[in-house]
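Architecture at a glance
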Amino acid sequence: MVDHQFADAGLAALYDRFHPWESRGDVSFYLPHVLAARSVLDIGCGTGLLLHRARDAGHTGRLCGLDPATGMLERARRRSDVEWVQGDLETVDWRGEFELAVMTGHAFQVLVADEQLRAALAAVRQLLTEDGRFAFETRNPAARAWERWTPENSSTTRAADGTPVRMEHRVLSPAPGEPLDRTVTFSTTFSGPDGRAEERSRSTLRFLDAPELDAFLAEAGLEVVERFGDWDGSPFDPEHSPEIIVFARRGERAPSRP
Ligand SMILES: C[S@@+](CC[C@H](N)C(=O)[O-])C[C@H]1O[C@@H](n2cnc3c(N)ncnc32)[C@H](O)[C@@H]1O
């Protein structure tokens, strides 16, 4: 089931307001790669920000966004010059169709269970062309980003009618100082000018370290070709990088599991 904040039309309408293009190193990092590929699938495309930009920047090939959340996809569908599909990697059956598959905005971390991750990576390998690439990022667990997801670090924006909206996160597990046990569960609360909470959403994200990630990719028949540690293109440092940004390609050999 998708998070309320992505399924709900009203909250999805706030997403790009809280995360505007200018504040996002990830989407500007991926854009040149999108522009260089003739067919692109954006998995967990959300409001469609990246593919909208690619079309505006002159991409003339196939651009396709996939997302299971009604609210987010409703935003994406406001433009019809991109193909939009509601679903996830377990509900589609594309074969050898995309030169590039991307997952941005840490959408990769919604793949929580081992079997979900395996099924998703197998589907990615299948949908890529022979020389296709899969580009995505996951937060480096060593940077412990969730420790900064606190009400003190809330952010505020304005809804379309000008009303201020505050968004704050609160981590439910792990407890402060506790070691990470694969996932982080947190709430996101949206409140209006009177401070009353109007909407609350709960999320669970998986944090994989680089060796764990490499093992899942290898098992799915995907080979890491490049890895970065941040949106400035700096190399990945396991202890200090905030991100694990991966470019993988279809390996020569078939996946080790069916
Ligand atoms: C944090 S948003 C990122 C959206 C967009 N990629 C961006 O960068 O703005 C995560 C997105 O992943 C989507 N999502 C949730 N479960 C998913 C799944 N199993 N497969 C693909 N996308 C999923 C959500 O609906 C949401 O739109």
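Everything discussed here concerns the structure shown above.
Along each chain, numbering runs from 1 in the same order as the chain's sequence is written. The predicted origin of the model limits local features to residues at a pLDDT of at least 70 and limits the giving and counting of side-chain atom pairs to 80 or more, whereas totals for whole chains, interfaces and linings rest on all residues. Side-chain numbers come from the whole structure's heavy atoms, not from hydrogens or water.

Another aspect to go through is the nonpolar core. Put simply, buried Ala, Val, Leu, Ile, Met, Phe, Trp, Tyr and Cys residues joined by side-chain atoms within 4.5 Å make one nonpolar core. With a 1.4 Å probe rolled over the protein chains alone, any residue whose accessible area is under 20% of its type maximum counts as buried; one over 50% counts as exposed, and the rest are partly exposed. Core analysis: the biggest nonpolar cluster contains 33 residues, and Ile43, Phe108, Phe134 and Leu222 have the highest contact counts within it. Contributions of two or more residues to this core are made by strand S1 (39-43), strand S2 (62-67), strand S4 (98-103), helix H6 (114-127), strand S5 (128-139), helix H7 (210-219) and strand S11 (243-250). The helix and strand labels rest on DSSP assignments: H or I over at least four residues marks a helix, E over at least two residues marks a strand, and numbering proceeds from the N terminus. No other element matches H6, which puts 6 residues into this core. Residues Val27, Ala37, Leu100 and Val102 belong to the second largest nonpolar core, which totals 25 residues.

Here we come to the site of the ligand. By convention in this text, a residue qualifies as near a molecule or strand provided that one of its non-hydrogen atoms is within 4 Å of it. Taken together, 16 residues lie around the ligand, and Arg24, Gly44, Asp67, Ala69 and Thr104 are the ones closest in. For this analysis, a polar contact is any N or O atom pair within 3.5 Å, provided that within protein one partner can donate a hydrogen and the other can accept it, and provided that sequence-adjacent residues contribute only side-chain to side-chain pairs. Taking Arg24, its side chain carries an N or O atom lying 2.6 Å from an oxygen atom of the ligand. Asp67 has a polar side-chain atom sitting 2.6 Å from an oxygen atom of the ligand. Only the protein chains shown count as cover for residues, and all accessible areas are computed by the Shrake-Rupley method using a 1.4 Å probe. Starting from 590 Å² of accessible surface for the ligand in isolation, the protein chains cover 91%.

Right, let's talk about the side chain of Thr157 for a bit. Turning to its location among the elements, Thr157 is positioned in strand S6 (residues 155-158). Look at Thr157 and you get buried, because its relative accessible area is 15%. Note on definitions: a residue-residue contact is assigned when non-hydrogen atoms from the two residues lie within 4.5 Å. Discounting residues that sit within four places of it in the chain, Thr157 has contacts with Arg17, Phe18, Thr163, Pro164 and Val165.

A pocket here means an open set of points on a 1 Å grid, computed over the protein atoms alone, that has protein on both sides within 12 Å along at least five of seven lines. A cavity is instead a set of points where a 1.4 Å probe fits but cannot get out; residues with an atom within 4 Å of a point line either one. Grid points are joined across faces, edges and corners, and a volume is the space filled by probe spheres set on the points. Overall, the coordinates contain 1 cavity of 30 Å³ or more when judged by the stated rule. Taken as a whole, the largest cavity holds about 50 Å³ of empty space. Gln5, Phe6, Leu11, Leu14, Tyr15, Phe18, His19, Met167 and Phe190 are the residues that line the largest cavity. Of all the secondary structure elements, the ones that give two or more residues to the lining of the largest cavity are helix H1 (4-7) and helix H2 (9-18). A total of 4 residues in the lining of the largest cavity trace back to one element, the largest contributor, which is H2. Along the lines of polarity and charge, the residues of the lining of the largest cavity split into 7 nonpolar, 2 polar and no charged. By the convention adopted, Pro, Cys, Tyr, Trp, Phe, Met, Ile, Leu, Val and Ala count as nonpolar, Lys, Arg, Asp and Glu as charged, and the other residues, Gly among them, as polar.

Bringing the packing of aromatic side chains into the picture now. Note on ring pairs: Phe, Tyr and Trp rings are taken, using the six-membered ring of Trp, and paired if centres are within 6.5 Å. Classes follow the plane angle, with under 30 degrees stacked, over 60 edge-to-face and the rest tilted. Across all of its chains, the model carries 14 aromatic pairs by this definition. Measuring from centroid to centroid gives 5.4 Å for Phe29 and Tyr30, while their planes differ by 85 degrees, and the two rings are edge-to-face. Using a relative accessible area of 13% as the deciding quantity, one classes Phe29 as buried. Chaining the aromatic ring pairs together yields one cluster made of Phe29, Tyr30, Phe228, Trp231 and Phe247.

Remember that the coordinates give geometry; whether it matters functionally is a separate question.
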